[in-house]
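# Working through the structure, step by step
For reference, the chains in residue letters:
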Amino acid sequence: MKLPKEKDLQLKTITNHLFSLGYEKGSNADYNYKYNLISKDLIRFIIHTQEELLNEYKQAKGSRWEDELLDLVDINIRNRGIIDVLRNGVDDYSLSDTLKLMYFQPNSNKNKTLLEKYKENIFKVINEFYYSQEKNDRIDTVIFINGFPLIFIELKNTLTGQNYVDGIKQWKYDRDYKEKIFKEKAIVFFSVDDNEVYMTTELKGKQTLFLPFNKGYNMGSGNPFHPEKYRTYYLWEDILTKNIILDIIKRFYYIQKEETPKGRIIKKKKIFPRFHQLDVVRRIIKDVQDKGVGSNYLIQHSAGSGKTNSISWLAHRLSTLHNAKDEAIFNSIIVITDRKILNKQLQDAIFQLEHKHGVVEKIDDKKTSIDLAYAIESNKKIIITTIQKFPYVLEKIENLSGKNYAVIIDEAHSSTTGESIGALKMSLAGKTAEEFEKNDITSDDIMAEYIGKRSKLENISFFAFTATPKAKTFEIFGTKEENGKPHEFHLYSMRQAIEENFIIDVLQNYTIYERYYKVAKIIKEDPEFDKIRAAKAINRFVELNEHNIREKVEIIVEDFRLNREMWLDGKSKGMIVTSSRLSAVKYKIIIEKYLKEKGYSMKTLVAFSGKIQVDGVEYTEESMNNGVKNLPEEFEKDEFKLLIVADKYQTGFDQPKLCAMYIDKSLGGVKCVQTLSRLNRTYKDKQTFILDFVNKIEEIQEAFKPYYENTNIKEITDPNSIFEKFYELKDIPIYIEEDIEEFVRLYFKKIRTTKQDARMNSILDKGILIFLSFDDDLKELFKSKVRVYISLYKFLLNMYPIKNLDLLKLYIYLIALLKKLPTNKLFDLDLEGLLSLDSHKLSKIFEGNISITKGEGELIGIGNFKEEKKEEKLEKLDEIITRMNDIYGIGLSEEDKVVFENIEKVFMDDTNLQQIAIANIESDFKEIFGKKYFKRGLIRQKNDFENIITNILSNEGLSNFLMNAIAEKIYKKMKD
């Protein structure tokens, strides 16, 4: 008895199955080495499909017609590439039409002639193929179409002691990648064993990059077990079928071009779909063909999944999709994205696939909602736009009823579950503003229409792509199971992306710092505050304290400079994640000061929105970055090493050279995953590092669990939960039903008089006056309940045809009321001027790998969160401080106190320093003070404060901080 060998996999299994699909058996003797093809197959195909055109060519070329034809094809392939030639054929002055070298399945079945020609494509397989006359070297299996050698396969069997890795080594080291057949004819190279499949589109010797072409197993890499077949059976039984190969050539394979800002092509990359990309498009297309228009699809694909390509292929395929009656299923495909790369890549890909300009219409910031409306009205096949434009479309679009739309959402965040998507649904449902104003329609009729058009629509299919779906995203776009719970339509998990090396596991190198501090009260009084709010205020006071930030800046800069800067041959970058705009501004100021003190050449950028005042100075992102307008482009430059962010660039920011992240912000849930995932993009020899000043290991791991494998919904939102919120608000006596009725009636009028506008305003003012009479607790409670109601109702409108109009009336009234409610922060405590930072210490408590191995987290529907009633408990400030110091002051001793005043006194009495301060600018004074006075002054005090002075002198970072802080204070006092 013998074990199966490589030949058994090759001949008995793969080749026999291909023969059963209609492949012909080829021979090395048939191969034309001059032109690198089976020339007789190409001629046979042309005779069977375009005989009259071939006769024209023969008549013009004479007896050498065959050689001239093969020369014509060969020259076109060298100049244009094999894919372009196969898709679009070749031309010659002697021909009245283009000569096709391959026929693809037509989009519709109306043209029987094209269908018959499609069936004439010749598929042939040669085993043990000798690809060169000079070398006695063979490829295990090669697939030819119409004579062209397109698919090359190396086969291994693990029972013989070899696997796909050995096949990859053969391709890299045993094959001359400069061979004409490899460079000009091949579209894909496979290395296959009985367990796994890997592929590449281009041989580059030892630099060749092979990618997995596996289905995935148990949410990770590899392939699932099959009781009767090899794990890799899908390659020959599914992918290598005639219709799938031709579909890949026609609709998927393309050349990705990298261009300079001026449009010069500097790099070309051949793109063959990975298995999950091909699989998701095929599954969606089949489902749409089976069910028609009106379904929603949630595609949960991890970062690293090649989402841009998947969206491009899906958009193109949907735009050419026909039903059983040979009618186009969708009038337009609308792609919603904010990514410029998708705009460019989609247009490049579609042009190659369609070979037509104008298929893609881009509605960017330079165009208006009128342009968008026109694009939709005129049935542009693929429209790329942003979600922000849809609320303005409703009034622009006319006569859209009877049309169908596919809406592809790139990165389906929660913003796509609210007003913008609602406006989109109304726009594409064919309802114009004029129709709302017919004389015989009451305001209740208008609202019923408003609701009906925001629920599930039969003329729109939504395709939502995201790596990190929230519960509400699942509920709106997910596929419902029998138990009513939604799930994704297609999954490519984070675990699989990590195991297949398409992204980096960012949790493998994690460091946690713990902050310890003590604060002191600097006022005689002992006021009472709510202890929860006061605790938060104390934390915020410490967080924004200059000493705290300075200490963190020293840790960050020195860690990056000494341990990370040399990564990626000195091109690595880091991100500092701060908790607020104020924090980001302070970080930028302090970090620049520190870099200047140390003489480091490192440059930083800061990112935040809007304007903010700090110590009477107004700051903007642009002003702090010396006028930089395009921050991502500037950060790409080698001299910029650290990017300080406050909310911006924590999602959707792709910078592959980002290696280190320093976190000074509490992160949780999907925000944590999205933020840390800024590091996961791959780059040659890339490592990652995270230093966290705030979060705990368990919190980080809990955030990642729901998205590591598949995401589960524990509870879906009960649509009747809106009534609970409705009656809770009704119990707070701020409005009456008559006021709401009148407000809404006026709201839905198309044309209002100034008197009616004033009346609407006065109705709102009536509620404002009542609100202002409440105590702080009731104000906070009312605002909280209003926001919950608005959010929940807005969400439910996308899910259910809610018929109770009272809910809508309250929703409209509350949105307007909320805008008028006082915006000052009534409930934030500011303890500035009441406290001082008495002690402060940062200690490293963990360094290592916190990666998770299994995802077990579950999401909960938006309506199922229960509000916890918070009772205000008053506590004296002294007691609050004591308790906070007990929590955060662990490990501190009396010697750790930051005693500026005690040390400062020695220097204030020095008459020489007084004269130096008066005679010099601050920077010169600091330099003199640091070099000649600071350390000597400390040493003179060593007997009184031995431990702390020793600590300061031995800690360069602390010493520099104290020297600068004291110098600034002394200089200011002496100048004054």
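Described below are features of the structure shown in this document.

Rules used in this analysis
- Residues numbered from 1 in each chain as written.
- Predicted model: local features only at pLDDT ≥ 70, side-chain atom pairs only at ≥ 80, totals over all residues.
- Heavy atoms only, no water.
- Helix = DSSP H or I, 4+ residues; strand = E, 2+ residues; numbered from the N terminus.
- Contact = heavy atoms within 4.5 Å.
- Areas by Shrake-Rupley, 256 points an atom, 1.4 Å probe, with all protein chains shown as cover.
- Pairing = 2+ DSSP bridges.
- Axes fitted to C-alpha atoms, helices over the stretch in contact; angles between N-to-C directions.
- Expected span 1.5 Å × (residues − 1).
- Buried < 20%, exposed > 50% of the residue type's maximum accessible area, 1.4 Å probe, protein only.
- Polar contact = N/O pair within 3.5 Å; in protein donor to acceptor, adjacent residues only side chain to side chain.
- Right-handed = clockwise from strand over helix to strand, strands pointing away.
- Salt bridge = Lys/Arg side-chain N within 4 Å of Asp/Glu carboxyl O.
- Parallel < 35°, antiparallel > 145°, perpendicular 65-115°, else oblique.
- Nonpolar A, V, L, I, M, F, W, Y, C, P; charged D, E, K, R; others polar.
- Phe/Tyr/Trp six-rings, centres within 6.5 Å; stacked < 30°, edge-to-face > 60°.
- Lys NZ or Arg CZ within 6 Å of the ring centre and 35° of its normal.
- Left-handed = near helix turned anticlockwise from the far one by under 90°.

### Examining the overall build of the chain
A tally of helices and strands in the chain yields 36 helices and 31 strands. In the chain, of all internal contacts separated by at least 6 residues, the share reaching a separation of at least 24 is 76%. Within the structure as shown, the chain displays about 45500 Å² of accessible surface, and the carbon and sulfur contribution to it stands at 47%.

### Some points on the sheet that holds strand E18 (residues 490-492)
Taken in spatial order, the 7 strands line up as E12-E13-E11-E14-E15-E10-E18 in an open sheet, and their pairing is parallel. Single-partner strands in this sheet number two, and they are strand E12 (360-362) and E18. Each neighbouring strand pair of the sheet contributes to a mean axis angle of 15 degrees, computed without reference to strand direction. Here E12 runs beside strand E13 (residues 382-385); their pairing, made up of 3 bridges, is parallel. Bridging across to E13, Lys362 finds its partner in Ile384. Against the sheet, helix H13 (residues 369-377) touches strand E11 (332-336), E12, E13 and strand E14 (405-410), its axis set at about 160 degrees to E13.

### Regarding helix H25 (residues 697-708)
Over its 12 residues, H25 extends 16 Å from the first C-alpha to the last, a length consistent with the 16 Å expected when each residue adds 1.5 Å. Looking only at H25, the buried set comprises Ile697, Ile700, Ala703, Phe704, Pro706, Tyr707 and Tyr708.

### Description of the pairing of E14
Across the 6 residues of E14, 6 count as buried, placing the element largely inside the fold. Side chains of E14 alternate between two faces, with Tyr405, Val407 and Ile409 and Ala406, Ile408 and Asp410 buried alike. Sheet analysis places E11 next to E14, joined by 5 bridges and oriented parallel. Looking at the pairing, Ser332 lines up with Tyr405 of E14. Looking at chain direction, E14 and strand E15 (residues 460-466) are connected through 6 bridges and run parallel. By the bridge assignment for E15, Ala406 is matched with Ser461.

### What about the sheet that holds strand E3 (residues 138-145)?
Read across the open sheet, the 7 strands follow the order E1-E2-E3-E4-E5-E6-E7; overall the sheet is mixed. Both outer strands of the open sheet, strand E1 (24-25) and strand E7 (211-212), are each paired with one neighbouring strand and no more. Sitting on the sheet, helix H6 (residues 164-174) is in contact with E3, strand E4 (148-155), strand E5 (188-192) and strand E6 (197-200), with an inclination near 145 degrees to E5.

### Comments concerning the side chain of Arg564
Tracing the backbone through its elements, the reader meets Arg564 in helix H19 (residues 546-564). Overall, Arg564 belongs to the buried group, its relative accessible area being 9%. Here Asp559 takes part through its side chain, which lies 2.9 Å from a polar atom of the side chain of Arg564. With sequence-adjacent residues up to four places away left out, Arg564 is seen in contact with Asn509, Asp559, Ser572, Ala660, Tyr662 and Phe689.

### A word on unusual backbone geometry
Generally, phi is negative for residues other than glycine and the peptide bonds are trans, each holding for most cases. Located in the positive-phi region is Asn626, a residue other than glycine, with phi close to 55 degrees. Locating Asn626 in the fold gives a position in the loop between helix H22 (621-624) and helix H23 (631-635). The phi dihedral of Tyr649 is positive, around 65 degrees, even though this residue is not glycine.

### What to know about the pairing of strand E26 (residues 658-664)
Every regular strand shows the same layout, with side chains that alternate between the two sheet faces. The buried fraction of E26 is high, at 7 of 7 residues. Note that E26 and strand E27 (residues 689-692) share 4 bridges and pair parallel. Bridge pairing in E27 links Ala660 to Phe689. You can see the chain leave E26, run along helix H24 (residues 669-676) and come back into E27, and the turn it takes is right-handed.

### Digging into the pattern of salt bridges
The tally for this structure, following the rule as stated, stands at 52 salt bridges. Residues Glu116 and Lys119 are paired through a salt bridge, measuring 3.8 Å at the closest nitrogen-oxygen approach. A relative accessible area of 54% means that Lys119 is categorised as exposed. Notably, a salt bridge pairs Glu361 with Lys380, separated by 3.9 Å at the nearest N-O pair. Of this pair, Glu361 sits in strand E12 while Lys380 sits in the loop between H13 and E13, and the two are 19 residues apart along the sequence.

### Describing the packing of helix H27 (residues 737-747) against helix H30 (residues 805-820)
Contact geometry for H27 and H30: axes closest at 9 Å, N-to-C directions at 80 degrees. Classified by the interaxial angle, the pair formed by H27 and H30 is roughly perpendicular. Between H27 and H30, the contacting residues are Ile740, Glu741, Phe743, Val744 and Tyr747 on the first element and Asp806, Lys809, Leu810, Ile812, Tyr813 and Ala816 on the second. Within the contact of H27 with H30, the residues separate by chemical class into 8 nonpolar, no polar and 3 charged.

### Regarding helix H10 (residues 275-291)
Over its 17 residues, H10 extends 24 Å from the first C-alpha to the last, a length consistent with the 24 Å expected when each residue adds 1.5 Å. Along H10, the positions that sit buried rather than exposed are Phe275, His276, Gln277, Leu278, Asp279, Val280, Val281, Ile284, Ile285, Asp287 and Val288. On its buried side, H10 packs onto helix H8 (233-239), helix H9 (242-251), strand E10 (296-301), helix H11 (307-319), E15 and E18. Two residues or fewer after H10 comes Gly292, characterised by a positive phi angle close to 85 degrees.

### A word on the packing of aromatic side chains
Overall, the coordinates contain 41 aromatic pairs when judged by the stated rule. Plain terms: the ring middles of Phe771 and Phe774 are 6.4 Å apart, the flat faces sit at 65 degrees to each other, and that makes the pair edge-to-face. Given a relative accessible area of 0%, Phe771 falls into the buried group. Among the residues examined, Phe774 registers a relative accessible area of 12% and is labelled buried. The interplanar angle of 55 degrees and the centroid separation of 6.2 Å between the aromatic rings of Phe771 and Phe782 together place this pair among those described as tilted. Here Phe782 lies in helix H29 (residues 776-797) and Phe771 lies in helix H28 (residues 754-772), a separation of 11 residues in the sequence. Among the residues examined, Phe782 registers a relative accessible area of 0% and is labelled buried. Grouping aromatic residues by their ring pairs yields a cluster made of Phe190, Phe213, Tyr233, Tyr234, Tyr253, Phe272 and Phe275. Over the ring of Phe689 we find Arg564, and its NZ or CZ is 3.5 Å from the ring centre.

### So, the packing of H28 against H30
Contact geometry for H28 and H30: axes closest at 10 Å, N-to-C directions at 65 degrees. It follows that H28 is roughly perpendicular to H30 by the angle criterion. Two packed elements cross with a definite hand, and for H28 against H30 that hand is right-handed. Across from Asn761, Ile763, Leu764, Asp765, Gly767 and Ile768 in H28, the residues of H30 making contact are Tyr813, Ala816, Leu817 and Lys820.

### As for the environment of Leu86
In this fold, Leu86 is placed in helix H4 (residues 82-88). A relative accessible area of 0% places Leu86 in the buried class. C-alpha of Leu86 to C-alpha of Leu101: the two residues are 15 residues apart in sequence and 5.6 Å apart in space. Leaving out residues up to four positions away in the same chain, Leu86 has contacts with Leu101, Met102, Phe104, Phe148 and Leu150.

### Some thoughts on the environment of Tyr57
By secondary structure assignment, the location of Tyr57 is in helix H2 (residues 39-61). Relative accessible area serves as the criterion here: at 2%, Tyr57 is assigned to the buried category. Setting aside residues up to four positions removed in sequence, Tyr57 forms contacts with Trp65, Glu68, Leu69, Leu72, Asp92, Ser94 and Leu95. Polar contacts involving the side chain of Tyr57 include one to the main-chain amide nitrogen of Leu69, which spans 3.3 Å.

### What about the side chain of Thr385?
With respect to the element layout, Thr385 can be found in strand E13. For Thr385, the side chain forms a polar contact with the main-chain oxygen of Ile363, separated by 3.4 Å.

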